[in-house]
Amino acid sequence: MGKEPVTEQFFIDKLTEAKDHFERALDCKHTEFDDLYPYMIEHPQFFWYKRYVAWSELLTITSLCEELSFNWRQTFTEHQIEYLEQRVMSAKVLDFWFEKNEALI
């Protein structure tokens with residue numbers, strides 16, 4: 001019996017996992033990255049690098065979804081979509097991803 005073809009739902013599930021991974025990294029919560037590189041916790045740049053890795057994963061999957069014409073945008077808010085389309089993990093992304101602080105701008 002052959003493998004099932006990769007479906008849109010597969011990519012959306014992976015996207016949801018990547019979004020959760022990024023959000024956990026933003027909140028400095030435990031992620032798979034911590035298990036892969038436990039020695040990094042001792043280094044000051046660890047959290048920045050952890051966020052960068054999670055952001056890269058998120059960008060990769062959204063890019064694939066876009067290329068395959070899968071509806072990835074439904075998983076995000078309008079502002080999050082803008083951040084992902086700009087592709088740069090700026091201070092604004094880090095500060096306002098959850099939009100809870102947006103009233104302060």
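A brief look at the structure comes next. Computed from a prediction, not measured in an experiment: that's the story for all the values here. (Residues numbered from 1 in each chain as written. Predicted model: local features only at pLDDT ≥ 70, side-chain atom pairs only at ≥ 80, totals over all residues. Heavy atoms only, no water.)

1. A look at the overall build of the chain
The following threshold applies: A run of DSSP states H or I qualifies as a helix once it reaches four residues; a run of E qualifies as a strand once it reaches two. Both are numbered from the N-terminal end. Throughout this description, buried means an accessible area under 20% of the type-specific maximum (1.4 Å probe, protein chains only), exposed means over 50%, and partly exposed covers the range between. Should any heavy atoms of two residues lie within 4.5 Å, those residues are considered in contact.
Along the backbone of the chain there are five helices and zero strands. When the helices and strands of the chain are read in sequence order from the N terminus, they spell out α-α-α-α-α. Along the first, second and third principal axes, the C-alpha atoms of the chain reach 50 × 35 × 20 Å. Counting across all 105 residues of the chain, residues that qualify as buried make up 34%. Within the chain, counting contacts between residues at least 6 apart in sequence, those at least 24 apart form 57% of the total.

2. Brief notes about helix H1 (residues 8–26)
What sets the pattern is the α-helix's 3.6 residues per turn: residues three or four places apart point alike. How we decide: In a helix, the anticipated span is given by 1.5 Å times the number of residues less one.
Over its 19 residues, H1 extends 27 Å from the first C-alpha to the last, a length consistent with the 27 Å expected when each residue adds 1.5 Å. When H1 is considered as a whole, its buried residues turn out to be Phe11, Ile12, Leu15, Ala18, Lys19, His21, Phe22, Glu23, Ala25 and Leu26.

3. What to know about the packing of H1 against helix H3 (residues 46–67)
For clarity, the threshold we go by: Helix axes use the C-alpha atoms of the stretch in contact, all axes being lines fitted to C-alpha atoms, and the angles between their N-to-C directions lie in the range 0 to 180 degrees. Reported orientations rely on four angle classes, namely roughly parallel under 35 degrees, roughly antiparallel over 145, roughly perpendicular from 65 to 115, and oblique for the rest. For any pair of crossing helices, the crossing counts as left-handed if the nearer helix is rotated counterclockwise from the farther one by less than a right angle, and right-handed if it is rotated clockwise. Only Asp, Glu, Lys and Arg are considered charged in this grouping, and only Ala, Val, Leu, Ile, Met, Phe, Trp, Tyr, Cys and Pro are considered nonpolar; every other residue, Gly among them, is considered polar.
Where H1 meets H3, the closest approach of the two axes is 9 Å, and the angle between their N-to-C directions is 160°. Relative to H3, the element H1 lies roughly antiparallel. Remark: the crossing between H1 and H3 carries left-handed chirality. Every residue of H3 that contacts H1 at Phe11, Lys14, Leu15, Ala18, Lys19, His21, Phe22, Ala25 and Leu26 is listed here: Lys50, Arg51, Ala54, Trp55, Glu57, Leu58, Ile61, Thr62, Leu64 and Cys65. Partitioning the contact of H1 with H3 into residue classes produces 12 nonpolar, two polar and five charged.

4. Some details on the side chain of glutamate 23
What counts is decided by this rule: The definition of a polar contact used here is a pair of N or O atoms within 3.5 Å, where within protein one atom must be able to donate a hydrogen and the other to accept one, and adjacent residues in sequence count solely through side-chain atom pairs.
In this structure, glutamate 23 sits in helix H1. On the basis of relative accessible area, glutamate 23 is assigned to the buried category, the value being 17%. Within polar-contact distance, the side chain of glutamate 23 engages the side chain of tryptophan 97 at 2.8 Å. Excluding its chain neighbours within four sequence positions, the residues that come into contact with glutamate 23 are Gln80, Trp97 and Phe98.

5. What to know about the pattern of salt bridges
Once their charged atoms are close, side chains differing in charge can pair, the charge on each being opposite to the other. As a reminder of what qualifies: Here a salt bridge means any side-chain nitrogen of Lys or Arg lying within 4 Å of a carboxyl oxygen belonging to Asp or Glu.
Inspection of the entire model under this criterion finds four salt bridges. Here glutamate 23 ties to lysine 19 by a salt bridge, and the two come within 3.8 Å at their closest N and O atoms. Of this pair, glutamate 23 and lysine 19 both sit in helix H1, separated by four residues, roughly a single helical turn. The burial state of glutamate 23 is the same as that of lysine 19; both residues are buried. Of the charged contacts, one joins arginine 73 and glutamate 85 as a salt bridge, the two residues approaching to 3.0 Å between their closest N and O atoms. Of this pair, arginine 73 sits in the loop between H3 and helix H4 (78–86) while glutamate 85 sits in helix H4; the two residues are 12 residues apart in sequence, bridging distant segments of the chain. Given the relative accessible area of 31%, arginine 73 is considered partly exposed. On the basis of relative accessible area, glutamate 85 is assigned to the partly exposed category, the value being 45%.

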